[in-house]
Structures are given as C-alpha cells and as structure tokens.
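Results of the structural survey
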Amino acid sequence: QSAGHDMAKMGDKAFSGKIGPWKGTERIVDMKAHMEASGMKAMGAMPNSHHIAIELSDAKTKAHVTEGKGTVTVTGPDKKTATSDFMVMQGHFGADVNLPAPGEYTFKAEIESGGQKGSTTFSYTLK
C-alpha cells in the first residue's frame with residue numbers, strides 16, 4: 001500500500017449503498033487538490049479535473065471486487081454528457097472525469113464483474 005496514493009480513501013464520499021449484487025462506495029477526488037496535497041505540481045493542463053473511485057465488495061462475503069469492467073456517464077449542470085471507461089486500480093474501479101464548473105452533476109455507473117452486472121445513479125454537487 002503506497003501511503004498517500006490510495007484514491008479509494010480520498011476525496012468526498014458521493015454515494016454508499018447497493019450497486020447490483022454488491023455493496024459500493026463512490027468517492028469524487030479533486031485531482032488538482034490531490035496533487036497539491038501530495039506535494040506534486042500538476043503537469044500542464046489536465047484534461048480531467050476529477051477522479052471517481054468506486055470500491056465494491058460482495059454483500060455476503062465482504063470480499064473486495066477487483067476485476068471487471070464498466071463505464072460512468074456524467075451529466076453536468078449544462079446537461080452535457082460524457083462517458084468514461086472504468087479501470088481497475090489499487091483495489092477500486094476508477095475513471096477520470098471532467099467537472100468544469102460548480103453545480104450538480106449526475107453520475108450513472110455501470111459495472112460488470114464475474115458474470116454479474118450492477119448499476120447506480122447518484123448526484124454530486126461541485127462547490
């Protein structure tokens with residue numbers, strides 16, 4: 001475990017609950033603030049301002065789900081949508097997304113792992 005880089009424990013918790021057959025927690029991490037907090041300077045213009053981290057665990061066994069694929073579709077306050085693919089990273093599903101302006105964003109996450117599928121929709125307000 002690399003200290004200071006576990007994205008699944010950082011940022012703001014945006015959702016916690018059932019995602020299909022799993023229990024999940026979703027966090028939104030402000031990349032610029034994260035870079036500054038860890039002593040790194042942002043390298044030029046980053047195309048995506050935030051990272052979404054989803055930690056999934058089996059509802060019965062509590063085992064972490066660390067394999068699979070999925071997407072997240074973000075709808076901004078301007079009603080524009082963008083879809084990003086999740087990657088499995090450090091025990092969570094992660095995707096970099098762009099939240100360019102303050103306001104309410106809607107996230108629709110869809111995950112597929114071990115022959116099972118789950119999805120959830122939640123809102124997050126960027127201040």
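The structure presented is a predicted model; accordingly, all values stated were derived computationally and were not measured.

Rules and cut-offs
- Residues numbered from 1 in each chain as written.
- Predicted model: local features only at pLDDT ≥ 70, side-chain atom pairs only at ≥ 80, totals over all residues.
- Heavy atoms only, no water.
- Pairing = 2+ DSSP bridges.
- Helix = DSSP H or I, 4+ residues; strand = E, 2+ residues; numbered from the N terminus.
- Buried < 20%, exposed > 50% of the residue type's maximum accessible area, 1.4 Å probe, protein only.
- Polar contact = N/O pair within 3.5 Å; in protein donor to acceptor, adjacent residues only side chain to side chain.
- Contact = heavy atoms within 4.5 Å.
- Axes fitted to C-alpha atoms, helices over the stretch in contact; angles between N-to-C directions.

Remarks on the pairing of strand E5 (residues 81–85)
- Both strand E4 (residues 69–75) and E5 contribute to a ladder of five bridges, which runs antiparallel. Opposite Val74, over in E5, you have Ala82 as the bridge partner.
- Between E4 and E5, which pair antiparallel one after the other, the connecting turn spans five residues, and Lys79 there sits at a positive phi close to 70°.

A word on the pairing of strand E1 (residues 12–19)
- Bridge count between E1 and strand E2 (residues 22–30): seven bridges; the pairing is antiparallel. Directly across from Asp12, in E2, lies its bridge partner Ile28.
- Where E1 folds back onto E2 in an antiparallel hairpin, the turn is made up of two residues, including Gly20, whose phi is positive at roughly 60°.

Quick word on the side chain of His50
- With respect to the element layout, His50 can be found in strand E3 (residues 50–58).
- His50 gets classed as buried once you look at its relative accessible area, which sits at 5%.
- Among the polar contacts listed, one links the side chain of His50 to the side chain of Ser49, at a separation of 2.6 Å.

A few points about the side chain of Ser113
- Looking at the element boundaries, Ser113 is found in strand E8 (residues 103–113).
- On the accessibility criterion, Ser113 (13% relative accessible area) is buried.
- A polar side-chain atom of Ser113 sits 2.5 Å from the main-chain carbonyl oxygen of Glu67.
- Not counting residues up to four positions away in its chain, the partners in contact with Ser113 are Trp22, Val65, Glu67 and Gly68.

Remarks on unusual backbone geometry
- One non-glycine residue with positive phi stands out, namely Lys62, at about 70°.
- Relative to the helices and strands, Lys62 is located in the loop between E3 and E4.
- Even without being glycine, Lys79 reaches a positive phi, approximately 70°.
- Structurally, Lys79 is set in the loop between E4 and E5.

A look at the sheet that holds E2
- Sheet architecture is open: five strands sit in the order E1-E2-E3-E7-E6, paired in antiparallel fashion. Edge positions in the sheet fall to E1 and strand E6 (87–89), since each of these pairs with one other strand and no more. If you compare each strand with its neighbour and ignore which way they point, the axes differ by 30° on average.
- Where E2 and E3 come together, nine bridges link them in antiparallel fashion. If you follow Lys23 over to E3, its bridge partner there is Ser57.

Things to note about the sheet that holds E5
- Read across the open sheet, the four strands follow the order E5-E4-E8-E9; overall the sheet is antiparallel. The open sheet is flanked by E5 and strand E9 (116–126), the only strands paired with a single partner. Looking at each pair of strands side by side, their axes are set apart by 15° on average, direction ignored.
- Here E4 runs beside E8; their pairing, made up of seven bridges, is antiparallel. The residue bridging Thr71 from the neighbouring strand is Glu110, located in E8.

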